[in-house]
Amino acid sequence: MKKLIVIFSLSLLMFSCGKDVQEVEISIPCTDVIYLKAGDENFRVCNVKDLDGVADGTKIQIVYKEIDECKGESIGVCDSTVLLPEFKSWVKVQYQI
């Protein structure tokens, strides 16, 4: 019963906020650099700390917002041997389901 209430509450919250839940795959090419793969598009996560503990290759349901640039967050850096994918835009994760 509790599970049903939680699912209903989350559904109500999602619909009332007008947010679109996306299923994405997490890609972590190096420390503090996270990409979301949504369909054919890649998005680079600005607030990577909100996804602490999520492993590379994991598929999750998430709500995110595209932003123009990443400000005020720790932006990870990869060494020069890592080829980073092109990405459509920066995103801020709003919540993970």
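Residues numbered from 1 in each chain as written. Predicted model: local features only at pLDDT ≥ 70, side-chain atom pairs only at ≥ 80, totals over all residues. Heavy atoms only, no water.

Peer 1: Looking at this model, I keep getting lost on the pairing of strand β4 (residues 59-67). Mind explaining?
Peer 2: Walk down a regular strand and you will see the side chains alternate between the two sheet faces. Sheet analysis places strand β1 (residues 22-30) next to β4, joined by four bridges and oriented antiparallel. Paired with Val 24 across the bridge in β4 is Ile 60. For β4 and strand β5 (residues 89-96), the ladder comprises six bridges, and the chain directions are antiparallel. Paired with Tyr 64 across the bridge in β5 is Val 93. (Pairing = 2+ DSSP bridges. Helix = DSSP H or I, 4+ residues; strand = E, 2+ residues; numbered from the N terminus.)

Peer 1: Help me understand the sheet that holds β5, please; the structure alone is not making it clear to me.
Peer 2: Across a sheet, paired strands are connected by hydrogen bonds in the backbone, their directions being either parallel or antiparallel. Taken together, the five strands give a closed barrel; going around it, the order is β1-β2-β3-β5-β4, and neighbouring strands pair in mixed fashion. Going across the sheet, the axis of each strand differs from the next one's by a mean of 55 degrees, ignoring polarity. In this structure, strand β2 (residues 33-38) lies alongside strand β3 (residues 41-45), joined through four bridges in antiparallel fashion. Looking at the pairing, Tyr 35 lines up with Arg 44 of β3. (Axes fitted to C-alpha atoms, helices over the stretch in contact; angles between N-to-C directions.)

Peer 1: Which parts of the structure should I look at to understand the state of the cysteines?
Peer 2: In a disulfide, the sulfur atoms of two cysteines are covalently bonded to one another. Overall, the coordinates contain two disulfides when judged by the stated rule. Bridging Cys 30 to Cys 78, the disulfide has an S-S length of 1.5 Å. One end of the pair, Cys 30, is in strand β1; the other, Cys 78, is in the loop between β4 and β5, and 48 residues separate them in sequence. Classification of Cys 30 as buried rests on a relative accessible area of 15%. A sulfur-sulfur distance of 1.9 Å marks the disulfide that ties Cys 46 to Cys 70. Torsion about the S-S bond of the Cys 46 and Cys 70 cystine: about 80 degrees, corresponding to right-handed handedness. (Disulfide = S-S within 2.5 Å. Buried < 20%, exposed > 50% of the residue type's maximum accessible area, 1.4 Å probe, protein only.)

Peer 1: Which parts of the structure should I look at to understand the environment of Val 63?
Peer 2: Assignment of secondary structure puts Val 63 in strand β4. Judged by relative accessible area, Val 63 falls into the buried class, the value being 1%. Each C-alpha atom, one on Val 63 and one on Val 21, is 5.0 Å from the other, the two residues being 42 residues apart in sequence.

Peer 1: Would you mind going over the packing of aromatic side chains with me for this structure?
Peer 2: How two aromatic rings sit relative to each other is given by the distance of their centres and the angle of their planes. In this structure the tally under the stated criterion is three aromatic pairs. Centroid distance Phe 43 to Tyr 64: 5.3 Å. Interplanar angle 45 degrees. Geometry classified as tilted. Placement of the pair is Phe 43 in strand β3 and Tyr 64 in strand β4, with a sequence separation of 21 residues. The pair Phe 43 / Tyr 64 is uniform in exposure class, with both members buried. Among the aromatic residues, those joined into a ring-pair cluster are Tyr 35, Phe 87 and Trp 90. (Phe/Tyr/Trp six-rings, centres within 6.5 Å; stacked < 30°, edge-to-face > 60°.)

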